[in-house]
Amino acid sequence: MDIYLIRHTQTAAAQGLCYGRSDIALADSFAQETEALRQKLPELSEDCRFYSSALSRCKQLADSLSDEVVTDERLLELDFGDWEGVFFDEIDAKVLNHWTQNFVDVPPPNGESFTGLCRRAGSFWQELIETGLSQAVVVTHAGVIRALLAHILKLSPAAAFQFRVDHGSLHKFQYSHQYTYIHYLNL
C-alpha cells in the first residue's frame, strides 16, 4: 500500500495565534499551493481512498483533490483547549513555559497532550494499513504527521519534532508485509 500524507496549505491565521482545533481559513495562496501539490502527486489508482481531518483547512484541500473524501476525527490537530484562538504572547508565561517543557505528557488547560494525539493517530494508522487498499491519501496537520512518524519509527513522541513538516508538504510511505518504508518526507 502506498500512503501519501499531506499537510494542509498555509492558513490566513495571524502570526503567533494558537490554533489546533480552531477552524482557521486558508490563505489567499490556496489555489497556487494546491496546484504545486498536484504536480508532486503521482498518478493515483482508481481505488485510491482519500482521508481528511474534518477541519476546513484540510477538507478544502482534500475536496479539491478528490470527489470522495472520508473525514476522520483522529486526524484532527492537537486540541489546545482554553488556548485555542489566543495569541501565545497573551498566555501566562509561567504556565506556557511549563507546558512547552512538558507538552508530550501535559495538555494545555482543557486540551490534549501530544501523547494523546499520538494514540489517536496511531489508531488511525493501524486501521488504515488493515484496509488492504493499494493507495491512500491522508490530508491532515503537522502534529498528526509527526505523531504518525513517531508511531511508524517507534520513536519517543518528543523525537517527532525533529521532523520538518511544511505547509502543503507531501510525505510518501509504503506499507508491505507488516513493514513501513519511508520513500520521502516533506516534499
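Because the structure is a prediction, the values reported are computed rather than measured.

Visitor: I'm lost on the side chain of Asp72 in this one. Help?
Guide: Looking at the secondary structure, you find Asp72 in the loop between strand 4 (69–71) and strand 5 (86–87). The class of Asp72 is buried, set by a relative accessible area of 13%.

Visitor: Sorry if this is basic, but what is going on with the packing of helix 1 (residues 30–40) against helix 2 (residues 56–65) here?
Guide: Two elements in contact, helix 1 and helix 2, have axes separated by 11 Å at closest approach and are oriented at 55 degrees. Considering their axes alone, helix 1 and helix 2 lie oblique with respect to each other. Helix 2 is crossed by helix 1, and the crossing has right-handed handedness. Mapping the contact onto sequence places Phe30, Thr34, Leu37 and Arg38 in helix 1 and Gln60, Leu61, Ser64 and Leu65 in helix 2.

Visitor: How should I be thinking about the pairing of strand 3 (residues 49–52) in this particular structure?
Guide: Each regular strand displays side chains that alternate between the two surfaces of the sheet. Here strand 3 runs beside strand 6 (residues 135–140); their pairing, made up of four bridges, is parallel. If you follow Phe50 over to strand 6, its bridge partner there is Val137. Note that strand 3 and strand 4 share three bridges and pair parallel. Bridge pairing in strand 4 places Ser52 opposite Thr71. Viewed along the sheet, the connection from strand 3 through helix 2 into strand 4 turns out right-handed.

Visitor: Help me out: how do you make sense of helix 4 (residues 114–129) in this one?
Guide: Think of an α-helix as turning once every 3.6 residues; residues three or four places apart then point the same way. Given a rise of 1.5 Å per residue, 16 residues ought to cover 22 Å, and the 22 Å separating the end C-alpha atoms of helix 4 matches this to within 8%. Along helix 4, 12 of the 16 residues are buried, which leaves the element largely enclosed by surrounding structure. Listed in full, the buried residues belonging to helix 4 are Phe114, Thr115, Gly116, Leu117, Cys118, Arg120, Ala121, Gly122, Phe124, Trp125, Leu128 and Ile129. As for helix 4, its buried residues are in contact with strand 1 (2–7), strand 3, strand 6, helix 5 (142–153), strand 7 (170–176) and strand 8 (179–184).

Visitor: Sorry if this is basic, but what is going on with the state of the cysteines here?
Guide: The term disulfide refers to a covalent linkage connecting the sulfur atoms of a pair of cysteines. Tallying each qualifying case throughout the model produces zero disulfides. There is no disulfide at Cys48, and the cysteine sulfur nearest it, in Cys58, is 16 Å away. The exposure class assigned to Cys48 is buried, which follows from its relative accessible area of 14%.

Visitor: Honestly, the layout of surface pockets in this entry has me stumped. Any pointers?
Guide: The gaps left among the atoms become clear once a water-sized probe is rolled over them. As a volume, the largest pocket reaches approximately 550 Å³. The wall of the largest pocket is formed by 23 residues, among which Arg7, Tyr19, Glu77, Phe80 and Phe88 lie closest to the centre. At the level of elements, helix 3 (93–102) and helix 5 are the ones that each hand at least two residues to the lining of the largest pocket. When residues of the lining of the largest pocket are assigned to their parent elements, the largest contribution, three residues, is made by helix 5.

Visitor: Is there a simple way to think about unusual backbone geometry in this case?
Guide: For residues other than glycine, phi is negative in most cases, and the peptide bonds are mostly trans. We note that Gln178 has phi near 65 degrees; this positive angle belongs to a residue other than glycine. One can find Gln178 in the loop between strand 7 and strand 8. According to the relative accessible area criterion, Gln178 is exposed, its value standing at 71%. Even without glycine at this site, Asn186 takes up a positive phi of about 55 degrees. Note that Asn186 resides in the segment after strand 8. The class for Asn186 is partly exposed, based on a relative accessible area of 21%.

Visitor: Sorry, what's going on with the pattern of salt bridges here?
Guide: Oppositely charged side chains are able to pair whenever their charged atoms sit close together. Scanning the entire structure with this criterion turns up seven salt bridges. Residue Glu35 is joined to Arg38 by a salt bridge in which the shortest nitrogen-to-oxygen separation is 3.8 Å. Residue Glu35 and its partner Arg38 are located together in helix 1, separated by three residues, close to a single helical turn. With a relative accessible area of 38%, Glu35 lands in the partly exposed category. Take Arg38: its relative accessible area is 36%, and that puts it in the partly exposed class. A salt bridge links Asp63 to Lys59; its shortest N-O distance comes to 2.8 Å. On the criterion of helical spacing, the pair formed by Asp63 and Lys59 is a turn pair, its members being four residues apart in helix 2.

The rules behind each value
Residues numbered from 1 in each chain as written. Predicted model: local features only at pLDDT ≥ 70, side-chain atom pairs only at ≥ 80, totals over all residues. Heavy atoms only, no water. Helix = DSSP H or I, 4+ residues; strand = E, 2+ residues; numbered from the N terminus. Buried < 20%, exposed > 50% of the residue type's maximum accessible area, 1.4 Å probe, protein only. Axes fitted to C-alpha atoms, helices over the stretch in contact; angles between N-to-C directions. Parallel < 35°, antiparallel > 145°, perpendicular 65-115°, else oblique. Left-handed = near helix turned anticlockwise from the far one by under 90°. Contact = heavy atoms within 4.5 Å. Pairing = 2+ DSSP bridges. Right-handed = clockwise from strand over helix to strand, strands pointing away. Expected span 1.5 Å × (residues − 1). Disulfide = S-S within 2.5 Å. 1 Å grid on protein atoms, 1.4 Å probe; cavity = no way out; pocket = protein on both sides within 12 Å on 5 of 7 lines; lining within 4 Å. Points joined across faces, edges and corners; volume = space filled by probe spheres on them. Salt bridge = Lys/Arg side-chain N within 4 Å of Asp/Glu carboxyl O.

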